Amino acid sequence: MVSGGPLVQVGVVVLSVLGLWVGARFLVDAVVRLARRFGLSDLTIGLTIVAMGTSTPELAVSVDAALKGLGDIAIANVLGSNIYNLAFILGVVSLIRVLPITEGLVHRDGLALLASTLLAGLVLLDGTVTRTEGAVLFGVFAAYTAYLLRAEQSTTETTPESPQEGAVTRAVTERVAFRGRDALLLVGGLALVLVSGDYMVLAASALARGAGVSEWVVGGTIVAAGTSTPEFAVSLVAIRRGSLGVSVGNVVGSNVYNVTGIVGVAALVRPLTVAGAAMETVLWLAGISLLMVAALWTGRVLSRVEGALFAASEVVRWGLGLLGVLG
């Protein structure tokens, strides 16, 4: 337990967010260097390695919440993070720089995003996620990741240098060495994420009880935004460095991973039971996902106007949630 009043709980949440951000950055930097050691492309690194690395806070928080029997925080964290990733992170990033999107990202990974969201909705229809359902979800995640890596290998073998993918490149990155310092960053980053995630769950649960707000709302807003800080930071850094493949792929890959891999692992650890508000959040996520894919499909670009509208929708969701309209 994290003892103390509301100010103490808020302070613990803030420190936990900082710990999650620093730990995830260490972890992502180390794992990206490892991936580039094998010459993977920016887009594939974004969709797989970076996506899983930046989602370690969601994994730590959801698994920890599952172990404590807090199913609402475990699932609301995942669904809320996915909405935040698509609406707010991509929305804000597109305000900084218009995002051109490759055909492959829209067709293949956009469909994967919609399919994984639909699958999560079907699993949550009865308000529970069993171990069997968790195993199915994790199996889908493993199959999707294997497909991406296989597609990368095939592309590398047939077109070693593929320059015409627009700004979101698939070109093989320069191979770099994986040093002992990177191994220390990987282990230290993972440890920091796990500890911070545990304190985040304890503080968020206590804060919800003290403020009279449901754990579902706290998990889907404050906790979700907190665990999404690595995705936000990585996307902003990637934009500044011109690695649009990492920026966009990071968000899309994280969302697929969250609703399949993370929910799957959490349910395998302990079956989850969620509040009735879960379906309302799933429907909101499905709507945002469909609108995002439609926006990218029609123009292969996320404009500043579209980004502003998506970001504004997240402000509206937070307002409705805290007012009790969404649970």
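Description of the structure in this document. (Residues numbered from 1 in each chain as written. Predicted model: local features only at pLDDT ≥ 70, side-chain atom pairs only at ≥ 80, totals over all residues. Heavy atoms only, no water.)

1. Some words on the overall build of the protein chain
Along its length, the protein chain carries 12 helices and four strands. Long-range pairs, those at least 24 residues apart, make up 86% of the contacts in the protein chain with a sequence separation of at least 6. When the accessible surface of the protein chain is summed, it comes to about 13,300 Å², and 69% of that surface belongs to carbon and sulfur atoms. (Helix = DSSP H or I, 4+ residues; strand = E, 2+ residues; numbered from the N terminus. Contact = heavy atoms within 4.5 Å. Areas by Shrake-Rupley, 256 points an atom, 1.4 Å probe, with all protein chains shown as cover.)

2. Here's the deal with the nonpolar core
In globular proteins that are soluble, nonpolar side chains generally tend to be buried together. Ranked by internal contacts, the top residues of the largest apolar core, which has 68 residues, are Ile75, Leu79, Leu86, Leu99, Val129, Trp216 and Leu272. By residue number, the principal contributor to this core is helix H4 (residues 71-96), which donates 14 residues. (Core = buried A, V, L, I, M, F, W, Y, C linked by side-chain atoms within 4.5 Å. Buried < 20%, exposed > 50% of the residue type's maximum accessible area, 1.4 Å probe, protein only.)

3. Considerations on a nonpolar patch on the surface
Together, Leu15, Leu18 and Trp21 make up an exposed nonpolar region whose accessible area comes to about 310 Å². With respect to the helices, strands and loops of the structure, Leu15 is situated in helix H1 (residues 6-37). (Patch = residues over 30% accessible without salt bridge, like charges linked within 9 Å, V, L, I, M, F, W, Y side chains within 5 Å. Salt bridge = Lys/Arg side-chain N within 4 Å of Asp/Glu carboxyl O.)

4. Things to note about the packing of helix H3 (residues 56-67) against helix H7 (residues 180-211)
It is at 8 Å that the axes of H3 and H7 come closest, and there the two elements cross at 50°. By the angle between their directions, the pair H3 and H7 is classed as oblique. For H3 against H7, the interelement crossing comes out right-handed. The residues of H7 that touch H3, namely those facing Thr56, Pro57, Ala60, Val61, Asp64 and Ala65, are Val193, Leu194, Gly197, Asp198, Met200 and Val201. Grouping the constituent residues of the contact of H3 with H7 by class yields eight nonpolar, two polar and two charged. (Axes fitted to C-alpha atoms, helices over the stretch in contact; angles between N-to-C directions. Parallel < 35°, antiparallel > 145°, perpendicular 65-115°, else oblique. Left-handed = near helix turned anticlockwise from the far one by under 90°. Nonpolar A, V, L, I, M, F, W, Y, C, P; charged D, E, K, R; others polar.)

5. Looking at the pattern of salt bridges
A pair can form between side chains of opposite charge whenever their charged atoms are brought close. For the coordinates displayed, the defined rule picks out four salt bridges. Between Lys68 and Asp64 there is a salt bridge, with the nearest N and O atoms lying 2.6 Å from each other. Relative accessible area serves as the criterion here: at 13%, Asp64 is assigned to the buried category. Among the salt bridges present, the one from Arg108 reaches Asp109, with a minimum N-O distance of 2.9 Å. Residue classification places Asp109 among the buried positions, given a relative accessible area of 0%. Through salt bridges with shared partners, a single network forms among Asp64, Lys68 and Asp198.

6. Things to note about the side chain of Ser16
Among the secondary structure elements, Ser16 is positioned in helix H1. Only 2.7 Å separates the side chain of Ser16 from the backbone oxygen of Val12, close enough to count as a polar contact. Other than its neighbours up to four places away in sequence, Ser16 contacts Ser196, Tyr199 and Met200. (Polar contact = N/O pair within 3.5 Å; in protein donor to acceptor, adjacent residues only side chain to side chain.)

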